[in-house]
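# Structure assessment
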Amino acid sequence: MTAYPPDRRDFSRSAPVRLWEEGFASDPRHYYGALRAQGPVGWAELAPGVPAYVVTDRRAALDVLHDDETFSHDPRAWETTVPVDSPVLGMMRWRPNALFSDGAAHVRYRTTLIDVFDLVEPHDLRGRVHRAVRLLAGRIGPRGEADLVGDFARPLLALVLNDLFGLPDHEGDRLNESLGTMMEGGARAAEGEARYAQYVLELIAAKARTPGHDLPSRLLDHPARLTREEVTWQVFLTLGAGYEPTANLLSNTLSRILGNPAYYSTLTNGARPVLDAVVEVLHHETPLANYGIYYAREPVSFHGVWLRDAVPVVVSYGALGHFSEQEDTAGRHPNDASHLSWGAGPHACPVKQHTLLLVTEAIEQLTQWLPDLDPVLPRERLAWRPGPFHRSLTALPVRFSPRSPSSDQPSDQPGALS
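Every chain's residues receive numbers from 1 upward, in the order its sequence appears when written. Given that the model is predicted, a residue must reach a pLDDT of at least 70 before its local features are reported, and side-chain atom pairs must reach 80 or more before they are shown or counted; all residues, however, enter totals for whole chains, interfaces and linings. Excluded from the side-chain calculations are hydrogens and water; all other atoms, namely the structure's heavy atoms, are used.

We now examine the overall build of the protein chain. Secondary structure counts use DSSP, requiring at least four H or I residues in a row for a helix and at least two E residues in a row for a strand, with both numbered from the N terminus. Along the backbone of the protein chain there are 16 helices and 11 strands. Think of it in three bands: residues with accessible area under 20% of the maximum for their type are buried, residues over 50% are exposed, and the middle band is partly exposed, with areas taken using a 1.4 Å probe on protein chains only. Here the protein chain holds 418 residues, and the buried ones make up 54% of them. Reported accessibility uses the Shrake-Rupley method at a 1.4 Å probe radius. Residues are deemed covered only where the shown protein chains occlude them. As presented, the protein chain carries roughly 17,600 Å² of accessible surface, and 52% of it is formed by carbon and sulfur atoms.

Dropping the structure here:
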């Protein structure tokens, strides 16, 4: 670890920037500016009485993400310092899965996830997305208006993920409601966590009784011989991580496209690939804004700040994107992956290619089927969901020429894991 000057800052007596306030959702740039004014590492609250260090500088962020000797993902020491009813515990409490583990345990869990997701071939995932788009477009098409968050992005992810995880389409509402409530970190967060945990427990129990060609069954049968409890928490992680951030990435990208008529016209005529818009969102409006959470293994000096142990160190991908947008005057290549939305180091996202395929395919299919989507509100008037962790639209209302399903649209038949 690099040595730092003795006049390091200790924030323990400073007023924190409150990321749990309603104002954070509507104007995160103001809060990120207040954090950056404190230096590469700022002092914040994730919930009332739950402080955290927030990293807003790219170099400092990379130092955290790549240094697994100084920083740990294990939150158990921190958990003893917060109230048992803290609204952020649902997102931050320790569970035996890849996200909250270090060292050999992390490698074991991560390897199983990579192995089972490698069984999902691109053509198979593409077919599942086409099926979901057709089902949803068939519902909204004749109406001539829709909310692309509530009527498309979120139910699409529920359809695709339930398909991959071996659940019927009608279970999507449970997944949507429970995860959304937990993610927002408000007064009902514990209720959402409990409902989502029950959802996963029922799923694993069903797959233990009757295995199928789905991801939980593959985990239960993996050579690493995970226990049923370990499989439960792996699914708890992957289903949640696959749903909320990807739904937000989808709706945030649609918002950027529709909010820029020149952008939208080039996408609908094929001149500009959807991936350009997705990467732009990952750079500047990342859906999982403040969820790179680490803990110093012991008190340490870091970029001029004295970090205490048992206090979260949050890599703010949202702040990094905001400041990179301010500073970005160079002509970056559209597919430049210099953003950190996938994380970096040992805990970098292991399924980013699946995510990119899902989102780009969904947008391409939707805009082909409904090529004249017209936003009802200007982008600056859209509302955002509360919560310290995500950047998530409340709604994205649009109008379009009514259209009924036709036989030339993608097949309703789901794919199968091979």
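Further remarks concern the nonpolar core. Counting 104 residues, the largest nonpolar core has L19, M92, L148, F152, L156, V235 and L250 as its most contacted members. Two residues form a contact once any of their heavy atoms are found within 4.5 Å. Contact partners of L148, with chain neighbours within four places excluded, come to A153, L254, L258, L366, L373, L396 and V398. Among buried residues, those of type Ala, Val, Leu, Ile, Met, Phe, Trp, Tyr and Cys that are joined through side-chain atoms within 4.5 Å constitute a nonpolar core. With 23 residues, the next largest nonpolar core counts F71, V300, V311 and L340 among its residues.

Take L125: it is sitting in helix 7 (residues 122-140). Each C-alpha atom, one on L125 and one on L357, is 8.0 Å from the other, the two residues being 232 residues apart in sequence. When near neighbours in sequence (up to four residues on either side) are disregarded, L125 contacts V120, V160, L164, H354, L357 and L358.

For R225, which is not glycine, the phi torsion reads 55° and is therefore positive. Judged by relative accessible area, which is 69%, R225 ranks as exposed. We note that H303 has phi near 50°; this positive angle belongs to a residue other than glycine. Structurally, H303 can be placed in the loop between strand 7 (300-302) and strand 8 (305-307). Since its relative accessible area comes to 18%, H303 is described here as buried.

What follows deals with the pattern of salt bridges. Any carboxyl oxygen of Asp or Glu that lies within 4 Å of a side-chain nitrogen of Lys or Arg is treated as forming a salt bridge with it. Under the counting rule described, the total for this entry stands at 22 salt bridges. D74 is the partner of R76 in a salt bridge, and the nearest nitrogen-oxygen pair spans 2.6 Å. By relative accessible area, R76 is classed as partly exposed at 42%. Residue D163 pairs with R128 through a salt bridge whose shortest N-O separation is 3.1 Å. One end of the pair, D163, is in helix 8 (residues 148-165); the other, R128, is in helix 7, with 35 residues separating them in the sequence. No difference in accessibility class separates D163 from R128, as the two residues are buried. The network of salt bridges with common partners includes D124, R128, R131, D163 and D169.

A separate point is the packing of helix 9 (residues 172-184) against helix 10 (residues 189-209). Helix axes are fitted only over the stretch in contact, all axes being lines through C-alpha atoms; the angle between N-to-C directions runs from 0 to 180 degrees. Two elements in contact, helix 9 and helix 10, have axes separated by 7 Å at closest approach and are oriented at 140°. Taken together, the axes of helix 9 and helix 10 are oblique relative to one another. Between helix 9 and helix 10 lies a crossing of left-handed hand. For the pair helix 9 and helix 10, contact is made by R174, L175, E177, S178, L179, T181 and M182 and by A189, G192, E193, R195, Y196, Q198, Y199 and E202, respectively. As a working rule, the residues Ala, Val, Leu, Ile, Met, Phe, Trp, Tyr, Cys and Pro are called nonpolar, Asp, Glu, Lys and Arg charged, and the rest polar, with Gly in that last group. By residue class, the composition of the contact of helix 9 with helix 10 is six nonpolar, four polar and five charged. Every angle not falling under 35 degrees, over 145, or within 65 to 115 is termed oblique; those three ranges are roughly parallel, roughly antiparallel and roughly perpendicular. Definitions for this section: a left-handed crossing has its near helix turned counterclockwise from the far helix by less than a right angle. A right-handed crossing has that turn clockwise.

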